[in-house]
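Remarks on the overall topology
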Amino acid sequence: MPETASDLSRVDTARPHTARIWNYWLGGKDNYEVDQEAGDRIRELHPGIGEYARADRLFLGRAVRHLVQDEGIRQFLDVGTGLPTADNTHEVAQRLAPDSRIVYVDNDPLVLAHARALLTSSPEGRTDYLDADMRDVDTILEHAARTLDFSEPVALMLLGVVIFIDDDTEAYTTVRRLLDGLPAGSHLVLSHTVTSPTMPDVDAAVAFWNEHGTPKLTQRTPDQVARFFDGLRLLEPGVVSCNRWRPEHAGADAPLPDEVAMFAGVGRK
């Protein structure tokens, strides 16, 4: 999928953007000075927040490896993809199972402009990309069915994306509708920024972001994050700080703080 002028014309470079700040914290180059300044300011308010991006990315790798190796999953619906970086979902999955199929979904024009980096599938597998909002469930499922076989289990990846739905009812309903379209044996992999009395500086950093950046994000408590897994069989160790999800499978991961304000879990339908 080539980058087009119309894609880039939709990119707002005047205000910092979540995906670009995430990319900056991960050491990427797809960001602007305005994103770097905001990212540095957020780090001043909460020095550990830059580690969340890395912790979330490492959680993605561990979750995908578990699903492929231990659960036999070969299909992934990755909604809220973000900017391409090292070890994207298809790279982790196809490294272990080359026949894996992945559909990426995002509505960020900058992500769309770089989507060609997400379409480098192995010959045995397949990848696809859809420009859509995660709340447009019918469109997502209809498009994904062209690449994925919905008679077989699918891993629904929602990493750091439900935070952009501020209404709780809409957030839970959207996740449930996506899961309802997937067969038994499918899995939900979800991470979410949390608010906690033990991490007040996180709230200050989020408040700064919501005043200056786009899109605005919503924090939820760990219990509220756990509600997204209602009706699913939650895999051990449950909904925890994402760097605590099966760290024994971290491999060569560099050390992270004991706890980050990004909680995550994996549940089976």
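Residues numbered from 1 in each chain as written. Predicted model: local features only at pLDDT ≥ 70, side-chain atom pairs only at ≥ 80, totals over all residues. Heavy atoms only, no water.

The chain has the name SAM-dependent methyltransferase in an unreviewed UniProt entry, where Streptomyces anatolicus is given as its organism.

Observations regarding the nonpolar core
Generally speaking, nonpolar side chains in soluble globular proteins are found buried as a group. With 82 residues, the main nonpolar core has F76, L77 and L158 as its most contacted residues. Tallying contributions element by element places helix α4 (residues 50–71) first for this core, with nine residues. Filtering out sequence-adjacent residues up to four positions away, F76 remains in contact with V64, L67, V68, T89, A93, R101, I102, V103, L148, V154, A155 and M157. (Core = buried A, V, L, I, M, F, W, Y, C linked by side-chain atoms within 4.5 Å. Buried < 20%, exposed > 50% of the residue type's maximum accessible area, 1.4 Å probe, protein only. Helix = DSSP H or I, 4+ residues; strand = E, 2+ residues; numbered from the N terminus. Contact = heavy atoms within 4.5 Å.)

Description of the packing of aromatic side chains
For the structure on display, the rule yields two aromatic pairs. Seen from their ring centres, F59 and W245 are 5.6 Å apart, and the 85° between their planes marks the pair as edge-to-face. Of the two residues, F59 is situated in helix α4 and W245 in the loop between β7 (240–241) and β8 (262–268); the sequence distance between them amounts to 186 residues. Judged by its relative accessible area of 0%, W245 is buried. Between the aromatic rings of Y172 and F228, the centroid separation amounts to 4.5 Å while the plane-to-plane angle is 45°, which identifies the pairing as tilted. (Phe/Tyr/Trp six-rings, centres within 6.5 Å; stacked < 30°, edge-to-face > 60°.)

Some words on the pattern of salt bridges
Per the stated rule, a full pass over the model turns up eight salt bridges. Measuring nitrogen to oxygen at the nearest pair gives 3.0 Å for the salt bridge that ties R135 to D133. Residue D133 is classed as partly exposed on the basis of its relative accessible area of 26%. Between D138 and R177 there is a salt bridge whose closest N-O contact spans 3.2 Å. Note that D138 is positioned in helix α7 (residues 137–144) and R177 in helix α8 (residues 168–180), a separation of 39 residues in sequence. (Salt bridge = Lys/Arg side-chain N within 4 Å of Asp/Glu carboxyl O.)

Re the side chain of D35
Relative to the assigned elements, D35 resides in helix α3 (residues 33–45). Residue D35 is classed as buried on the basis of its relative accessible area, which comes to 0%. Excluding residues within four positions of it along the chain, D35 makes contact with R15, P16, H17, R20, I21 and Y24.

Topic: the side chain of T147
Here T147 shows up in the loop between α7 and β4 (155–159). A relative accessible area of 1% places T147 in the buried class. Ignoring sequence-local partners within four residues, the contact set of T147 consists of R101, I102, V103, R126 and D128.

Looking at the environment of N23
Along the chain, the position of N23 falls in helix α2 (residues 18–25). On the basis of relative accessibility, which here comes to 5%, the residue N23 falls in the buried class. Spatially, the C-alpha atom of N23 lies 9.7 Å from that of Q36, the residues being 13 residues apart in sequence. In this structure N23 touches G28, K29, D30, N31, L83 and P84, once residues within four positions along its chain are discounted.

Here's the deal with the packing of α3 against helix α9 (residues 200–212)
For the pair α3 and α9, interaxial distance at closest approach is 8 Å and the crossing angle is 155°. By the angle between their axes, α3 is roughly antiparallel relative to α9. In this structure, α3 meets α9 at a crossing whose hand is right-handed. Residues A38, R41, I42 and L45 of α3 lie in contact with α9, whose contacting residues are D201, A204, A205, F208 and W209. Grouping the amino acids of the contact of α3 with α9 by side-chain chemistry returns seven nonpolar, no polar and two charged. (Axes fitted to C-alpha atoms, helices over the stretch in contact; angles between N-to-C directions. Parallel < 35°, antiparallel > 145°, perpendicular 65-115°, else oblique. Left-handed = near helix turned anticlockwise from the far one by under 90°. Nonpolar A, V, L, I, M, F, W, Y, C, P; charged D, E, K, R; others polar.)

Observations regarding α3
Here α3 is 13 residues long and its end C-alpha atoms lie 19 Å apart, about the 18 Å a rise of 1.5 Å per residue gives. Taken together, the buried positions of α3 are occupied by D35, A38, G39 and I42. Within α3, the buried residues cover an arc of 100° as seen down the axis, which keeps them to one side. In α3, the exposed residues that point more than 90 degrees away from the buried face are E33 and E44. Lining the buried residues of α3 we find α2 and α9. (Expected span 1.5 Å × (residues − 1). Arc of directions from axis to C-beta.)

Details of α2
Of all eight residues that make up α2, six are buried, and the element is covered over most of its length. When we look at burial in α2, the residues that qualify are T18, A19, R20, I21, N23 and W25. Positive phi appears at G27, one or two residues downstream of α2, with a value of about 85°.

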